[in-house]
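The residues making up each chain are set out below.
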Amino acid sequence: MRPRRFTATGPLMGRIRVPGDKSISHRSIMLGALAVGETRVTGLLEGEDVLSTAAAMRAMGATIERDADGTWHVHGVGVGGLLNPREALDMGNSGTSTRLLMGLVASHPITATFIGDASLSKRPMGRVIDPLSQMGATFTAAPGGRLPLTLQGIHPAVPIRYRLPVASAQVKSAVLLAGLNTPGVTTVIEPVPTRDHSERMLKGFGADLQVEVEADGTRVIRLTGEAELKPQVIDVPGDPSSAAFFVVAALIVPGSDLVVENVGLNPTRAALFDVLRQMGGSIEELDRRDVGGEPVADLRVRASALTGIVVDPAVVPSMVDEFPVLFVAAALAQGSTVTTGIEELRVKESDRIAVMRAALELAGARVTETEDGLIIDGTGGEPLPGTDDGAAVATHLDHRIAMSMAVAGLASRRGVEVDDTRPIATSFPVFENLLETATTAATGTA
Ligand code: S3P
């Protein structure tokens, strides 16, 4: 455990640049590892989750190296060329690595065992086991369809037509990735759109993938296998989910005026910024551009008086990872913020509904938990009381709980004690350094 007390340090000023997008980083390593030839990746997120993906792809035959200048070189084995890993694949804390790699393994004639940390070992894998079993893969898993899990892939697998029972980009991606080495058309039907990085990148690597949008917004994604992927040069845009912590911090700490550079604004990811604007947040887009086939801008954020709102459940998939930090913004807003339809948060790295309720209450916020959301009565801009001496927020191995409550600490009287900051390294290893940069820029001591 590495505890730390996050305290009010004054306004966030200057410019910071967020690291690469986690979802895009995972996918660039995986697809690079399946192309024949060298894929070069810049801006890759070097967090523990992405490193778990890289280690697994190496264990299955790819060559993956990092230059001194931070460029990653991936030499792939070709679709169909994955090898039996000699040891269990350690996925650490990463649900994305686990579920997407299960898809890849499922249509190769290999066997892989997946293991992970205490948080990952509690998370449901049945949602990927179901469609991949329909394709012909076989599984032995811990009770409840959990890790440790052994997957025996099959070739040729059976192409399926699969309607997603949960709005999950991970399940969608697992089926599409399995479809790469499956002869015929694999179809995923997505009633509620989720992040579309897999579709964008599969097309970029030359896969035959088509997306049809029906009148009611349902997306039908068809991938024709067996695919041949061509190596790419990829510049990974900055992660909006990481930017979110600094955007909220700058909104709630009085006097802040911060530019967060290089923020990916793919519409399937960026709903938090719209919700914060609806609450009265001043978030301005500067220099909108394209990076790696994704829209990107720098965001100028100024401290703002926020007002509570009822969050439209339709936006949940486009900000599914941002609710913990939205709750912190809500705790400082005037009036109440109501969130519904977020039951998926209960099966993330922790039960983010229950864990954030407990954490915010410990810091003195007024919170009510419902089955599928939280209702938060804000302070109207007054700082939160903070945690008492000897009391610490329990992060439950969840990076986003740790960072959200660090942000709450910046807008508190006594500070907020977080029990363990180590999980932050899974997605945002430079978070604490950037916090230092942004909070010392005002005094010129950076
Ligand atoms: C991710 C999808 C989301 C998200 C996760 C990353 C991805 O999970 O929570 O952090 O890269 O596909 P679900 O698809 O399970 O909602």
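Residues numbered from 1 in each chain as written. Predicted model: local features only at pLDDT ≥ 70, side-chain atom pairs only at ≥ 80, totals over all residues. Heavy atoms only, no water.

Caption draft 1: A look at the site of the ligand. The local shell around the ligand consists of Ser23, Arg27, Thr96, Ser168, Ala169, Gln170, Arg195, Val320, Asp321 and Lys348. A distance of 2.7 Å separates an oxygen atom of the ligand from a polar atom in the side chain of Arg27. A distance of 2.9 Å is found between an oxygen atom of the ligand and a backbone nitrogen or oxygen belonging to Gln170. Notes on the ligand: free accessible area 390 Å², of which the protein chains cover 95%. Here the ligand is seated within the largest pocket. At the level of elements, helix 1 (22–34) and helix 5 (169–180) are the ones that each hand at least two residues to the shell around the ligand. Looking at the shell around the ligand residue by residue, the class counts come to two nonpolar, four polar and four charged. Mapped onto the domain boundaries, the shell around the ligand takes at least three residues apiece from domain 1 (4–20 + 237–441) and domain 2 (22–235). (Near = heavy atom within 4 Å. Polar contact = N/O pair within 3.5 Å; in protein donor to acceptor, adjacent residues only side chain to side chain. Areas by Shrake-Rupley, 256 points an atom, 1.4 Å probe, with all protein chains shown as cover. 1 Å grid on protein atoms, 1.4 Å probe; cavity = no way out; pocket = protein on both sides within 12 Å on 5 of 7 lines; lining within 4 Å. Sits in = over half its atoms within 2 Å of the grid points. Helix = DSSP H or I, 4+ residues; strand = E, 2+ residues; numbered from the N terminus. Nonpolar A, V, L, I, M, F, W, Y, C, P; charged D, E, K, R; others polar. Domains from an automatic or database assignment.)

Caption draft 2: Representation of helix 2 (residues 48–59). A rise of 1.5 Å per residue sets the reference length of helix 2, with its twelve residues, at 16 Å; its end C-alpha atoms lie 16 Å apart and thus fit the reference within 8%. The complete set of buried residues in helix 2 reads Asp49, Val50, Ser52, Thr53, Ala54, Ala56 and Met57. Buried residues belonging to helix 2 abut helix 1, strand 4 (63–66), strand 6 (89–90) and helix 3 (95–106). After helix 2 finishes, the residue Gly61 shows a positive phi value of roughly 115°. (Expected span 1.5 Å × (residues − 1). Buried < 20%, exposed > 50% of the residue type's maximum accessible area, 1.4 Å probe, protein only. Contact = heavy atoms within 4.5 Å.)

Caption draft 3: Molecular detail of the packing of helix 8 (residues 271–278) against helix 9 (residues 323–331). Where helix 8 contacts helix 9, the axes come no closer than 11 Å and their chain directions differ by 10°. One way to sum up the angle between helix 8 and helix 9 is to call them roughly parallel. Where helix 8 abuts helix 9, its residues Leu272, Val275 and Leu276 lie against Val325, Leu326 and Ala329. Grouping the constituent residues of the contact of helix 8 with helix 9 by class yields six nonpolar, no polar and no charged. (Axes fitted to C-alpha atoms, helices over the stretch in contact; angles between N-to-C directions. Parallel < 35°, antiparallel > 145°, perpendicular 65-115°, else oblique.)

Caption draft 4: Structural view of the pairing of strand 5 (residues 72–75). In the sheet, strand 3 (residues 38–42) pairs with strand 5 via four bridges, with the strands oriented antiparallel. Bridged to Val41 within strand 5 is Trp72. Of the strand pairs in this sheet, strand 4 and strand 5 are connected by four bridges, and their pairing is antiparallel. Paired with Ile64 across the two strands is Val74, which belongs to strand 5. Once strand 4 ends, the chain turns through five residues before running back antiparallel as strand 5, passing Gly70 with a positive phi of about 95°. (Pairing = 2+ DSSP bridges.)

Caption draft 5: Structural context of the sheet that holds strand 14 (residues 233–235). Taken together, the four strands give an open sheet; going across it, the order is 4-5-3-14, and neighbouring strands pair in mixed fashion. The outermost strands of the open sheet, each flanked by one partner alone, are strand 4 and strand 14. Averaged over neighbouring strand pairs, the angle between their axes works out to 15° when direction is ignored.

Caption draft 6: How the structure looks around unusual backbone geometry. With an omega of 0°, the peptide bond between His155 and Pro156 qualifies as cis. Take Pro156: it is sitting in the loop between strand 9 (146–152) and strand 10 (161–163). Gly225 connects to Glu226 through a cis peptide bond whose omega is 0°. In this structure, His396 is a non-glycine residue whose phi angle is positive, near 50°. Tracing the chain through its elements places His396 in the loop between strand 20 (373–377) and helix 11 (399–410). Assessed through its relative accessible area of 46%, His396 is described here as partly exposed.

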